[in-house]
Amino acid sequence: MRNWINIPRVEGRASRQAHADLPDGTFEHEIGREGFFGPAAHIHHAHAPTGWVRFEGPIRPRAFDTTKFDAVPDSAWAAEPLAGNRRCAVRFWRIEAPMDHLARNADGDELLFVHDGAGDLFCDFGHMSYTEGDYLLLPRGTMWRLEPSAPTRILMIEATDSAYKLPDKGIVGPHAIFDPAILAVPEIDAAFDDQRSEAETRVAVKRFGQVSTMVFPYNPLDAVGWHGDLAPVKVNWRDIRPLMSHRYHLPPSAHTTFVGERFVVCTFVPRPIETDPGALKVPFFHSNVDYDEFIFYHRGSFFSRDNIHPGMISLHPAGFAHGPHPKAFATGQKAARKETDEVAVMIDTRDPLEVQAGAASVEWTGYVDSWRTAPAATNEAAE
Ligand SMILES: [Fe+2]
């Protein structure tokens, strides 16, 4: 337990409530520690914190477009590597035909987010169908395969050397956001019975990033039953009932879905936009100085970003301010929209994310310049 030096002070012309009632003609910039849980300052600037005209050096805001991937690898372990660090590995996988082998991740839990497509998952624990918008959480060591019934694209998020947990729901209690009872588990059902066989079966096991293959003279997905408190689980973003306030723009941490070791996975789902006249209506400018932020845009129109379509990714390294794009900022503050329809998956990592070859091959290099048109300040835009 760390004892932060807490010094709530107010200096100069300032609001006393974060993200609301900003002084006229100013931009709020949050500088925050420990995600959105540590000490923070809200500085009221005359200019937007993203108003750079030049950006030099290797570390910068970046964007990538997964719709440009055309390879369809036959193994999950050949998926496009996007970004990672010692605690987390993110890949992008296209699969169109049933897997002819089983996969097993010995490096950590694997979280599959189904960007599009549908089909069936068969694993040690039985059978589950999957569809667009599902998270499938496969505990480390589970043997599994997918049988797509429609071409499927998946964001894969590995919790390297750790296990996913649910976030602490704090004062809203365990049933808020989604009730754990809604998590589906695989069943030993007729579809599972139908896939039993004595056919020779390969299992591709990934350990230390290397793949080894075990061959069995039968299909090892042969369970007749199981019990325990460890199993793959499935939850769709449509099962998430987001926290919101009509008077306060909640920080992204309110949308945490899964917690890994030194990173979190959050899901932004449709919700009404704040209605209080003084409340910020788009994400606030911030420097979340301890975390890198990776966002995969799944569907809808992204209310804080211009020129981002479903399947794209933005990566904002710690230490550089980020926030809404100029056009989004202006329309957002005018309350032209009553709700956001965006669905996005955010991965916030405590350790720096290294961009990997797959992502680099589909980079939109103009992203760093995309804030260039200066937005009008808060209360001017709100007129
Ligand atoms: Fe952020």
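Remember, it's a predicted structure, so these values are computed and weren't measured experimentally. (Residues numbered from 1 in each chain as written. Predicted model: local features only at pLDDT ≥ 70, side-chain atom pairs only at ≥ 80, totals over all residues. Heavy atoms only, no water.)

1. Brief notes about the overall build of the protein chain
- Along the backbone of the protein chain there are four helices and 23 strands.
- For a compact globule of 383 residues, the expected C-alpha radius of gyration is about 21 Å, and the protein chain comes in at 22 Å, within 12% of that figure.
- By principal-axis analysis of the C-alpha atoms, the protein chain measures approximately 75 × 45 × 40 Å.
- Looking at the protein chain residue by residue over its 383 residues, the buried ones come to 54%. (Helix = DSSP H or I, 4+ residues; strand = E, 2+ residues; numbered from the N terminus. Rg over C-alpha atoms; globule rule 2.2 N^0.38 Å. Buried < 20%, exposed > 50% of the residue type's maximum accessible area, 1.4 Å probe, protein only.)

2. A look at the coordination of the iron ion
- Protein coordination at the iron ion comes from H286 (NE2), E293 (OE) and H322 (NE2), with a distance range of 1.8 to 2.2 Å.
- When the donor residues of the iron ion are listed from N- to C-terminus, their spacing reads H-x6-E-x28-H. Of this pair, E293 sits in strand 18 (residues 292-299) while H322 sits in the loop between strand 19 (312-316) and helix 2 (326-333), placing them 29 residues apart in sequence. Across the pair, H322 and E293 agree in class, each one buried. (Donors = N, O, S within 2.8 Å, 3.2 Å for Na, K, Ca; no water.)

3. Here we look at the side chain of S370
- When you line up the elements, S370 lands in the loop between strand 23 (363-364) and helix 4 (378-381).
- Here the side chain of S370 touches H325 through a polar contact of 2.7 Å, side chain to side chain.
- Within the structure, S370 has its side chain in polar contact with the backbone oxygen of Y367 (distance 2.5 Å).
- Ignoring sequence-local partners within four residues, the contact set of S370 consists of H325, P326 and W364. (Polar contact = N/O pair within 3.5 Å; in protein donor to acceptor, adjacent residues only side chain to side chain. Contact = heavy atoms within 4.5 Å.)

4. Examining the pattern of salt bridges
- All told, the structure shown has 23 salt bridges when counted by the stated rule.
- For the salt bridge of R196 with D193, the shortest nitrogen-to-oxygen distance reads 2.9 Å.
- In this structure, a network of salt bridges that share partners links the residues R91, D107, E110, E158, K206 and R207. (Salt bridge = Lys/Arg side-chain N within 4 Å of Asp/Glu carboxyl O.)

5. Structural notes on the environment of S162
- As for its placement among the helices and strands, S162 is situated in the loop between strand 10 (143-160) and helix 1 (190-194).
- Under the relative-accessibility criterion, S162 is labelled buried at 10%.
- On a C-alpha basis, the gap between S162 and R262 in space is 9.7 Å, while along the polypeptide they are 100 residues apart.
- When sequence neighbours within four positions are dropped, the list of residues in contact with S162 reads G108, D109, R140, G260 and E261.

6. Observations regarding the UniProt feature "domain: Homogentisate 1,2-dioxygenase N-terminal" (unreviewed entry) in the protein chain
- Residues annotated by UniProt as "domain: Homogentisate 1,2-dioxygenase N-terminal" (unreviewed entry) correspond here to residues 87-235.
- Helix makes up 3% of residues 87-235 and strand 50%. Its end C-alpha atoms lie 23 Å apart. (UniProt positions renumbered as here; feature names shortened; annotations may be inferred.)

7. Quick notes on the sheet that holds strand 19
- Across the sheet, which stays open at both edges, the seven strands sit in the order 14-15-21-18-19-3-23 with antiparallel pairing between neighbours. Edge positions in the open sheet fall to strand 14 (256-260) and strand 23, since each of these has one partner strand only.
- The pairing of strand 15 (residues 263-268) with strand 21 (residues 343-349) spans six bridges and is classified as antiparallel. Within strand 21, the residue paired with F268 across the bridge is A344. (Pairing = 2+ DSSP bridges.)

8. A look at the side chain of E293
- The class of E293 is buried, set by a relative accessible area of 4%.
- Only 3.0 Å separates the side chain of E293 from the side chain of H322, close enough to count as a polar contact.

9. Looking at the pairing of strand 21
- Within strand 21, seven of the seven residues are buried, which leaves it mostly tucked inside the rest of the structure.
- Two strands pair when backbone bridges link them, and strand 18 and strand 21 are joined in this way by seven bridges, in the antiparallel orientation. By the bridge assignment, F294 is partnered in strand 21 with I347.

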